[in-house]
Amino acid sequence: MPPPTELDAARPDPRADSPHRRGLRAAFAGALSLLIPTWCAGCDLPGVELCGACRALLMPRPRSSLLSDGTPLTTALQFDGVPASVIRALKEDGRTGLARALGTALGDALEHGLGRVPGGAGAGGVAVAPVPASRAAIRRRGYSVVEVLLRGAGVRPVRLLAPGRAAGDQRRLGRGERARNVVGTMRVRASTALPVVVVDDVVTTGATLGEAVAVLRAAGVEVVGAVALAATPRRLRR
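Presented here is an overview of the structure given in this document. In this text the structure is predicted, and so the values were computed from the model without any measurement.

1. Here we look at the sheet that holds strand S6 (residues 196-203)
In spatial order, the strands read S1-S2-S7-S6-S3; together these five strands make up an open sheet with mixed pairing. The open sheet is flanked by strand S1 (63-66) and strand S3 (127-130), the only strands paired with a single partner. Across this sheet, the average inter-strand angle for adjacent strands is 30 degrees, counted without regard to direction. Sheet topology places strand S2 (residues 72-78) next to strand S7 (residues 223-231); five bridges connect them, and they run parallel. Counterpart to leucine 77 in the pairing with S7 is alanine 230.

2. With respect to the nonpolar core
With 40 residues, the main nonpolar core has Leu102, Val199 and Leu229 as its most contacted residues. Taken together, the elements giving at least two residues each to this core come down to S2, helix H3 (81-92), helix H4 (99-114), helix H7 (145-152), S6 and S7. At eight residues, H4 tops the list of elements feeding residues into this core. Beyond its immediate stretch of four places on either side in the chain, leucine 229 contacts Thr75, Ala76, Leu77, Ile87, Leu102, Ala105, Leu106, Leu149, Asp200 and Asp201.

3. A closer look at the pattern of salt bridges
When the charged atoms of two side chains lie near each other, side chains of opposite charge can form a pair. Within this structure, the stated rule accounts for five salt bridges. Through salt bridges with shared partners, a single network forms among Glu147, Arg151 and Arg159.

Reading the values: the criteria
- Residues numbered from 1 in each chain as written.
- Predicted model: local features only at pLDDT ≥ 70, side-chain atom pairs only at ≥ 80, totals over all residues.
- Heavy atoms only, no water.
- Pairing = 2+ DSSP bridges.
- Helix = DSSP H or I, 4+ residues; strand = E, 2+ residues; numbered from the N terminus.
- Axes fitted to C-alpha atoms, helices over the stretch in contact; angles between N-to-C directions.
- Core = buried A, V, L, I, M, F, W, Y, C linked by side-chain atoms within 4.5 Å.
- Buried < 20%, exposed > 50% of the residue type's maximum accessible area, 1.4 Å probe, protein only.
- Contact = heavy atoms within 4.5 Å.
- Salt bridge = Lys/Arg side-chain N within 4 Å of Asp/Glu carboxyl O.

What follows is the structure in structure tokens.
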């Protein structure tokens, strides 16, 4: 496993977005669209992966709250409307090209969340640990949604957690039932001396993030915060 690294605000290479390269990308995208029709993940507009209007609705609006154990939680978007449609397209339709647009929002939430850490952990480096995808989800999708999102944000995920036992279906469970359902679904696979921020894609009650935090802390890891790309309306109504 690669060693943990700090969250860097690295400047992009200006050559990566030169007029010549933009022209080549546009030509390639045009040719590809003839072979593989595409449509906006937010509104179904044909011919584009994500239209300008829907992209604007992915502008992050960081919100701060606390997990049940008092861990600071920062989210970037509300899981509703266009953001929910785009996230579902990434998760369920295999449209990993959307990770860059969604990753921008996640990266903003990470930066905002690090600003809430007592003592400014972001200045000395922090390990960003994704909530692990279940084995069934990896078999179904072929990738970890959270890791794809982090790479879209320009952040290297540090795999401190691995999946444990399989959880039951959470969709009809209440807060307490969800918390009990996720116990034992994760285990520690590696440790780090760096402070850790745990990341998930969507948070509802916070049970999954809470279990990730608890497992890491039980292994002696310093967890300083949690971040999710989106929070459900149910979470935001709290």
